[in-house]
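The primary structure of each chain is shown beneath.
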Amino acid sequence: MSVENSSVIPDTSSAGIVIIGAGLAGWHVIDAIRAKDKEIAITLITADSGDRYHKPMLTMAISQQKNASDLVRATGSDAAEAANIQLLANTQVTDIDPTNQTIQLISALRSDPVYTNYATISYDKLVLAMGAHPIFPKSLPEDLVWHVNHIERFGQLQEKLAAGSQRIAIVGAGMVGTEIAEDLLKAGHEVTLIDLNDAPLSQMLPAKATARIAAAVKSQGINFLGGYQVSDVTRNSDGKLQVSYEPVSATDSDDSQQPESLIVDHVIASTGLTVDDKLPTAAGVEFNRRTGIVVDATTLRTHASNVYAIGDCMSINGVACRYVAPLRAQAATIADDILGHEHGGYDHKPPMIRLKNKAISVMATGVPQAQGNWQVTTESDEELVMDLLDENNDVSATVTIKAPPTVKA
Ligand SMILES: Cc1cc2nc3c(=O)[nH]c(=O)nc-3n(C[C@H](O)[C@H](O)[C@H](O)COP(=O)(O)OP(=O)(O)OC[C@H]3O[C@@H](n4cnc5c(N)ncnc54)[C@H](O)[C@@H]3O)c2cc1C
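> What am I meant to see in the site of the ligand here?
Inspection of the region around the ligand gives 31 residues, with Gly 21, Gly 23, Ala 25, Gly 131 and Gly 311 positioned closest. For the shell around the ligand, the secondary-structure elements that each account for two or more residues are helix 1 (24-36) and strand 6 (91-97). Among the elements that take part in the shell around the ligand, helix 1 stands out by supplying three residues, more than any other. Of the residues in the shell around the ligand, the class split is 17 nonpolar, nine polar and five charged.

Set out below in C-alpha cells:
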C-alpha cells in the first residue's frame, strides 16, 4: 500500500484487498476471504465505527427495548482484530482512480474539508460495499425527519423514543415502513403510516394482496393513511412537527381537497434508497442510481478491472439486491475470485421475502412486482396465495398471505 499522507492512515503496509463499507456486505466478504486465507492483507474503510450488527433488527428492536449498543455483536475494532484486518473507521472514501488503482480518503469526523486530512492508498483488489442512502423527498427535510437505515441514526431515535409514548408519522409503507410502524405501535407509541398508495407494499404486490395487509395494519391500531402524499413538514414553536398531507388524486381545480395536517413528535422517512453516484462514477463502473452498480452475475465483478460490488449498492440483471440472505454466497464468490481460486460462479436466486410484522404473515418468492398477470391459486379468509405469471405463463413470483389466528383479514 502506498500512502501519500499518513496522518489519516496509521499502517502503511500493503493494502492488498480494500473493502469500502462495514455493513453486512463488507463484513461478509471479510469472513469469506478469511475462511480461505488467514494472511492476505485486507483493509476495511468505513465512514462509521465499523461495528458489526444485524441491520434487520432495526425494525424489531424498539419494542424489545433494545438500544443501539444492545444490537452491536462486536465493535469494529474487536472484529477487525479477530479477523486480522486493518480497519480505517470513521474514514470516508471520496474518490477512486481505477487506472492507478488508488482511492482517496478523508476523516469522516471532520465536516469542514479545510481541516480534513487527505490520504491516498492503493489497492490490488477493491470491493465496493458502501450500501445505499435513504431518499429524502423535498417535502421531508433531512434535518427534521429520521431514517432507520443505519444503527447510529437508529440509536438517536431510540433514545428519544425511550422517553415515553409519543406520536410518530412514518412516511412510506414499503417493507421497512410497515415493519417499523408495528414495532413502534407495540412499544406503546401512537403511529400514523402514510403512503401514496391505498395499501402497504403496493409497489411489490397486487392490490388484492395488499388490501389484506392494509386491513391487518389498521385493525391493530395503526392509523394508515393510504392514497396521500406528504406535502410539507415544519417545526412549530412548541417543538412539535406539523405534517401536511393531501390526497394523491387531488387535482389543482379541486378546491374541496385542502391539505390536511397532523401534529407529531417525530417523522420517520421510509421512502426508498438510492445509490450515491460519486464513487461509481469515479470508478468508471456501470451504474444506475435506483438499482445500483452493475456486476457480472457470475463473478460479481464490475466493469472496472479488479473492482467488485456487493450489497445494497449492487444490482444483478437490473434488479437491486437488497436482502441479507444472498450475501453469504455472493461474498464466497468474490473471495474465490479475488484469491484466484477456481469457482463455479455465483448463481443468483432471489431470496424469500418475509415481512416481519406479526399482525399478518406475508411471504414472497421470485421477483414480485405490483404490475403484471397475478392469478389467485388459493383464497380463503385465512389465506391468499397468488402467482405472478410471465409472458410464457411461467410463475415468476408467488405471494402467500396468512392471517394469524387472532387477526382476520
Ligand atoms: C430497517 C431495515 C430492516 C431490514 N430488514 C431486512 C430483513 O428483514 N431481511 C433482509 O433480507 N433484509 C433486510 N433489510 C435489508 C438489509 O439489511 C440490507 O440489504 C443490508 O444490511 C445492506 O448491507 P450493506 O452492507 O450493503 O449496506 P450498509 O449496511 O448500508 O453498509 C454500508 C457501509 O458503507 C459505509 N460507507 C458508505 N459510503 C462510504 C464511503 N464513501 N466511504 C466509506 N464508507 C462508506 C457505511 O458507513 C456503512 O458502513 C433491512 C434494511 C433495513 C434498513
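From this point, things continue past the structure.
> I'm lost on the domain arrangement of the protein chain in this one. Help?
Size of an interface: often given as the accessible area lost when the parts come together. According to the domain assignment, the protein chain contains domain 1 (17-132 + 275-339), domain 2 (151-269) and domain 3 (353-402). Here the C-alpha centroids of domain 1 and domain 2 sit 31 Å apart. Contacts between domain 1 and domain 2 engage 11 residues on the former and 13 residues on the latter. Class assignment of the residues belonging to the side of domain 1 that touches domain 2 gives a composition of six nonpolar, three polar and two charged.

> Looking at this model, I keep getting lost on the sheet that holds strand 28 (residues 395-402). Mind explaining?
What holds strands together in a sheet is hydrogen bonding between their backbones, with the strands either parallel or antiparallel. Taken together, the five strands give an open sheet; going across it, the order is 24-25-28-27-26, and neighbouring strands pair in antiparallel fashion. Each having just a single partner strand, strand 24 (353-354) and strand 26 (373-379) make up the two edges of the open sheet. By the bridge criterion, six bridges tie strand 26 to strand 27 (residues 383-389) in an arrangement that is antiparallel. Of the residues in strand 27, the one forming a bridge with Gln 375 is Asp 387. The strands touched by helix 6 (residues 207-219) are strand 25 (361-366), strand 27 and strand 28; relative to strand 27, the strand with the most contacts, the crossing angle is about 145 degrees.

> Is there a simple way to think about the pairing of strand 12 (residues 190-195) in this case?
The side chains of a regular strand alternate, first on one face of the sheet and then on the other. Here strand 11 (residues 167-171) pairs with strand 12 via five bridges, running parallel. Along strand 12, the bridge assignment pairs Ile 168 with Val 191. For the crossover that starts at strand 11, traverses helix 5 (residues 175-186) and ends in the parallel strand 12, the hand is right-handed. In terms of strand pairing, strand 12 meets strand 13 (residues 223-226) through four bridges, oriented parallel. Each residue of the ladder has a partner; that of Leu 193, found in strand 13, is Phe 224. Read as a crossover between parallel neighbours, the route from strand 12 over helix 6 to strand 13 is right-handed.

Parameters and conventions
- Residues numbered from 1 in each chain as written.
- Predicted model: local features only at pLDDT ≥ 70, side-chain atom pairs only at ≥ 80, totals over all residues.
- Near = placed C-beta within 6 Å.
- Helix = DSSP H or I, 4+ residues; strand = E, 2+ residues; numbered from the N terminus.
- Nonpolar A, V, L, I, M, F, W, Y, C, P; charged D, E, K, R; others polar.
- Domains from an automatic or database assignment.
- Contact = placed C-beta atoms within 7 Å.
- Pairing = 2+ DSSP bridges.
- Axes fitted to C-alpha atoms, helices over the stretch in contact; angles between N-to-C directions.
- Right-handed = clockwise from strand over helix to strand, strands pointing away.

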